[in-house]
Amino acid sequence: MSVPFSGTLSRSGGIVSAIGKQLKSVNLKGVKRITVQFDPFAENVKSTREFLFLLSTPKVSQTNPKCVVKPDIVCDRSPALIKFALIDSAQEKAKVKEIRFNSENLNTLELLQLCNKHVSALAPPEEVANKVLTKAEKQKLGGGGKKVIKKK
């Protein structure tokens, strides 16, 4: 007698695919300035440096080209810190002026999840622009266009 199969047919993509998935949903439209402060000689600073690198990728920076990403490298053994200065509409929505992450004991995936949870949620909704209709779509909607007159 055989045991029925239970489980998945494939493995998960791992930490790299999870980071890629979180990175796709990062939206910085509600952010005016990002300051990443870290001590390069501290022990748990690798994830903060990776997060800084991921914030400077073209896909993320295109979500808000006016957002300034500023690395602040200190040498005083202070804990790694990430500050998000919010725009006015996001400040009213969140009722705070800035969001701070103490990133000393967090990994890169957790930093991206927190960013999506607290920062991307504050992005103002996108305004829907008027869609340009083609001639075929106009004819379907209104039946407009040239009218043919039948002669008897």
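Basis of the calculations
Residues numbered from 1 in each chain as written. Predicted model: local features only at pLDDT ≥ 70, side-chain atom pairs only at ≥ 80, totals over all residues. Heavy atoms only, no water. Salt bridge = Lys/Arg side-chain N within 4 Å of Asp/Glu carboxyl O. Helix = DSSP H or I, 4+ residues; strand = E, 2+ residues; numbered from the N terminus. Buried < 20%, exposed > 50% of the residue type's maximum accessible area, 1.4 Å probe, protein only. Polar contact = N/O pair within 3.5 Å; in protein donor to acceptor, adjacent residues only side chain to side chain. Contact = heavy atoms within 4.5 Å. Pairing = 2+ DSSP bridges. Axes fitted to C-alpha atoms, helices over the stretch in contact; angles between N-to-C directions. Arc of directions from axis to C-beta.

(A) Looking closely at the pattern of salt bridges. Per the stated rule, a full pass over the model turns up two salt bridges. The salt bridge partner of D39 is R77, with a shortest N-O separation of 3.9 Å. Of this pair, D39 sits in the loop between β1 (31–38) and α2 (46–55) while R77 is found in the loop between β2 (68–73) and β3 (81–86), placing the two residues 38 residues apart along the sequence. On the accessibility criterion, R77 (61% relative accessible area) is exposed. E98 is the salt-bridge partner of R100, the closest N and O atoms lying 2.7 Å from each other. Overall, R100 belongs to the exposed group, its relative accessible area being 51%. On the accessibility criterion, E98 (33% relative accessible area) is partly exposed.

(B) Highlighting the side chain of N64. By secondary structure assignment, the location of N64 is in the loop between α3 (58–61) and β2. The buried category is assigned to N64, whose relative accessible area is 12%. At a separation of 2.9 Å, a polar atom in the side chain of N64 contacts the main-chain carbonyl oxygen of L28. Setting aside residues no more than four positions away along its own chain, N64 makes contact with L28, K29 and V31.

(C) Focus on the sheet that holds β2. Read across the sheet, four strands follow the order β2-β1-β3-β4 without closing on themselves; strand pairing throughout is mixed. Of all strands in the sheet, those with a lone pairing partner are β2 and β4 (98–102), marking the two edges. Sheet twist, expressed as the average angle between the axes of neighbouring strands with direction ignored, equals 15 degrees. Pairing of β1 with β3 involves six bridges; the strand directions are antiparallel. Bridging across to β3, T35 finds its partner in K83. Seen against the sheet, α2 touches β1, β2 and β3 and runs at an angle of roughly 150 degrees to β1.

(D) Structural detail: α2. Every buried residue of α2 is accounted for by S47, T48, F51, L52, L54 and L55. What you see down the axis of α2 is that its buried residues fit within an arc of 165 degrees, all on one side. For α2, the exposed residues lying more than 90 degrees away from the buried face are K46 and F53. Where α2 is buried, its residues touch α1 (15–24), β1, α3, β2, β3 and α5 (108–118).

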